[in-house]
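These are the residues of each chain, in order.
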Amino acid sequence: MNRQQQLTALKEQHFDILVIGGGATGTGIALDAATRGLKVALVERDDFSAATSSRSTKLIHGGVRYLEQAVWRLDRGQFNLVRDALKERAILLNIAPHLAKPLALLTPLYKWWQVPYYRIGLIMYDALAGKANLKASRFIRAKEALERFPMLKKEGFYGGVVYYDGQFDDARMNVSLALTAVSEGACVANHVEVTALLKEQGRLTGARVIDRLTGEAWEIQAKVIINATGPFSDAIRHLDEPEAKNMLSASSGIHIVLDRSFSPPETGLLIPETEDGRVLFLLPWLGHTIVGTTDNPATIEAHPKADEADIDYVLRHVRKYFAVPVNHQDIKATFSGLRPLVSDPKAHDTAKLSRDHVINVSTSGLLTIAGGKWTTYRKMALDAVNEAIRLGSLSPKGPSKTEQLKLIGAKHFDSAALNKLIEECALAEDIALHLHQAYGDQAARVLTYGEAKRLHPDHPYLEAEVSYAALHESACDVIDVLARRMRLGFVDEKATLAVIPKVAELLTKALHWTEAFKLEQVRSAKRYFAH
C-alpha cells in the first residue's frame with residue numbers, strides 16, 4: 001500500500017462511500033464495500049488502530065461476562081449478542097490464521113459453589129457456539145490446574161474450568177484489513193483528517209480533508225458518508241449537526257504488561273471475581289504477559305494513559321490469586337484504551353452497558369455506526385454497508401465476500417513455513433516465529449526490505465520491518481512503526497525508548513526525511529512512549 005498513490009486516487013476520484021475512521025470497524029467497512037464492487041474511500045486522522053483498536057485485551061470472544069448478565073436478566077438480546085460474536089470468532093480465526101489462534105483459558109475456583117456455577121455457565125457458552133465451538137470446556141482438579149498454572153495459590157483451591165477463546169494481534173489485524181481493502185480496490189489513507197462536511201440542499205455530498213503531514217487540503221465527493229470513529233463519533237456528528245445530542249459515553253480499560261514468566265505460553269487465566277464484580281484476564285501474548293482490564297467511566301481523549309489507581313487495582317487482584325509476588329517493578333509496559341458505549345449519558349455503571357452496536361442516520365444522511373467490539377467488527381461492517389446501499393441507492397456488483405475472504409498474509413499461510421524461515425533464511429527461532437505470526441505468507445518478503453538484524457537484543461523485531469512498514473504498510477512516523485506495525489511499544493517501554501533513534505534513522509532513509517525532521521520525530525516519539 002503506497003500512501004502517495006492512495007492520496008492521488010483520493011484527490012482524483014468520486015466515491016460511492018467515504019468512511020471516516022481507520023479502526024477495526026472503519027477498515028472492515030472499506031473492505032466489505034470494496035468486495036461488493038462499490039467505490040469506497042477511507043480516511044483516518046491518525047494511524048490505523050491508533051486509538052481503541054490497538055488497545056484491546058487481545059481476545060476474540062463471545063463475552064463470558066455478557067452471557068452471565070444475559071442469564072441473570074433473562075435478556076434474549078444479550079444471548080444473541082454472545083451467539084453472534086462466537087460465530088464471528090470462528091470466521092476471524094479462519095480468515096487470519098497467522099494473526100489469530102485459539103487459546104485455553106483457566107478459571108481458578110476457590111469456593112465450592114463456584115464449581116457447578118462456572119461449569120454450567122461455560123457449558124452454555126460452548127452450546128451457543130454450536131459448530132463454531134473451538135473445544136469443549138471441562139473441569140480440572142487442583143493438581144492438573146496447578147500443573148497448567150503453577151503460579152496460583154494452593155490454599156483452598158478446588159480446581160478450575162478450562163474453556164477456549166481466540167487470541168489475536170489487534171493492531172496487526174487492523175493493518176491487514178486496510179491492506180486487504182486496498183487490494184480489493186478501496187482507496188485508504190492514514191493521517192488525513194476530515195475538517196468539514198459538504199452539503200447541497202441539506203444533503204451530504206462529501207467532506208473537506210487535510211493531509212496532516214503536509215497541510216494540503218482538498219475535497220472528497222461521495223454519495224454516502226459513514227462515521228466509524230469509535231469514541232470520537234460525536235465529534236463528527238457535530239460537524240454535521242452542531243446541536244446534535246451525544247449518543248456515546250466511554251469507559252477506560254487499562255492493561256499492564258509483565259514478563260513471560262508470569263504466564264505459561266499456552267494458557268491464559270480468567271480471574272472470575274474482583275472486588276467490584278468484574279472479571280480480569282491474565283494472558284500470554286507475544287512472549288509477554290498482559291493483565292487487564294478495568295472498566296471505568298472516562299473522558300474521551302486521543303491518547304489516554306493508564307491511571308496509577310487502576311494499575312494498583314490490577315496488581316491487587318493478581319496478588320489475590322498468585323503465590324508469587326507481583327509488584328510495580330515487574331511492569332514492563334502499560335496501555336489504556338477507550339471503549340465506545342452507546343448509552344444514556346447519565347448512566348454511571350459502564351460495566352453493565354451493552355457493547356452491541358447501533359446505526360444512526362442524521363437528517364442530512366450521515367451514517368454513524370457506534371458501539372460493538374473487535375470480535376464483531378465484520379458484522380458491524382456488513383450492517384453498515386447494507387444501510388449505506390439503501391441510503392444512497394447504491395448499486396453493488398455482488399454480495400459481501402468477507403465471511404470467506406482471507407486477509408493479506410493468510411491466503412497461502414502454511415504452518416510449515418516457520419521451519420522454512422528458520423532453515424532457508426537462517427533466522428533465530430524467535431525471529432522466525434515473530435515474522436511468521438505477524439506477516440503470514442508475506443514474511444519472506446519483509447526480509448527483502450533491509451537487514452535481518454535485531455532492533456533490540458532482547459526482542460525479535462528487525463530493521464527490515466521498519467522499511468517494510470514505511471514503504472508497504474503506510475507507516476509515516478516512528479510511533480506508527482513501534483506501536484502498531486511492530487508491537488514493541490506495547491510490551492517493553494524501556495526497549496522502545498532505546499530503539500527510537502535507530503528507527504528514526506531507518507525511516508529517514510526510506511522516506512527521505514531531513515535531518516531536522518528526524519530529530520523532531522525522535523523527540524515526539526520519546527514523549528509519546530515515556531510514562
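Residues numbered from 1 in each chain as written. Predicted model: local features only at pLDDT ≥ 70, side-chain atom pairs only at ≥ 80, totals over all residues. Heavy atoms only, no water.

This brings us to the nonpolar core. Of all hydrophobic cores here, the largest spans 52 residues; its most connected members are Val 478, Leu 482 and Val 503. Looking at this core element by element, the count peaks at eight residues for helix α17 (residues 493-511). Those residues in contact with Leu 482, other than ones at most four positions away along the chain, are Arg 487, Leu 488, Gly 489, Thr 496, Val 499, Ile 500, Val 503 and Phe 529. (Core = buried A, V, L, I, M, F, W, Y, C linked by side-chain atoms within 4.5 Å. Buried < 20%, exposed > 50% of the residue type's maximum accessible area, 1.4 Å probe, protein only. Helix = DSSP H or I, 4+ residues; strand = E, 2+ residues; numbered from the N terminus. Contact = heavy atoms within 4.5 Å.)

Let us look at the environment of Leu 488. Here Leu 488 is to be found in helix α16 (residues 488-491). Here the alpha-carbon distance between Leu 488 and His 459, two residues 29 residues apart in the chain, equals 8.0 Å. When residues no more than four places from it in sequence are discounted, the contact partners of Leu 488 are His 459, Tyr 461, Leu 482, Ala 495, Thr 496 and Val 499.

Looking now at the packing of aromatic side chains. By convention here, two paired aromatic rings are described through the distance between centres and the angle between planes. Taken as a whole and judged by the stated rule, the model has 13 aromatic pairs. With a centroid separation of 5.8 Å and an interplanar angle of 85 degrees, the aromatic rings of Tyr 125 and Tyr 163 are classed as edge-to-face. Note that Tyr 125 is positioned in helix α5 (residues 114-129) and Tyr 163 in strand β6 (residues 159-168), a separation of 38 residues in sequence. As far as burial versus exposure is concerned, Tyr 125 and Tyr 163 are alike and both buried. In this structure an aromatic cluster arises from ring pairing among Tyr 110, Phe 157 and Tyr 321. Here Lys 58 stacks its cationic end above the ring of Trp 285, 4.9 Å away from the centre of that ring. Lys 305 extends its terminal NZ or CZ atom over the ring of Tyr 528, reaching a point 5.4 Å from the ring centre. (Phe/Tyr/Trp six-rings, centres within 6.5 Å; stacked < 30°, edge-to-face > 60°. Lys NZ or Arg CZ within 6 Å of the ring centre and 35° of its normal.)

The next point concerns helix α9 (residues 308-321). For α9, spanning 14 residues, the distance from its first C-alpha to its last is 21 Å, which sits close to the expected 20 Å at 1.5 Å a residue. All buried positions along α9 are accounted for by Asp 310, Ile 311, Tyr 313, Val 314, Leu 315, His 317, Val 318 and Tyr 321. At the N-terminal end of α9, a side-chain oxygen is found 2.8 Å from the backbone nitrogen of Ala 309, two or three residues along, and the residue is Asp 307. (Expected span 1.5 Å × (residues − 1). Polar contact = N/O pair within 3.5 Å; in protein donor to acceptor, adjacent residues only side chain to side chain.)

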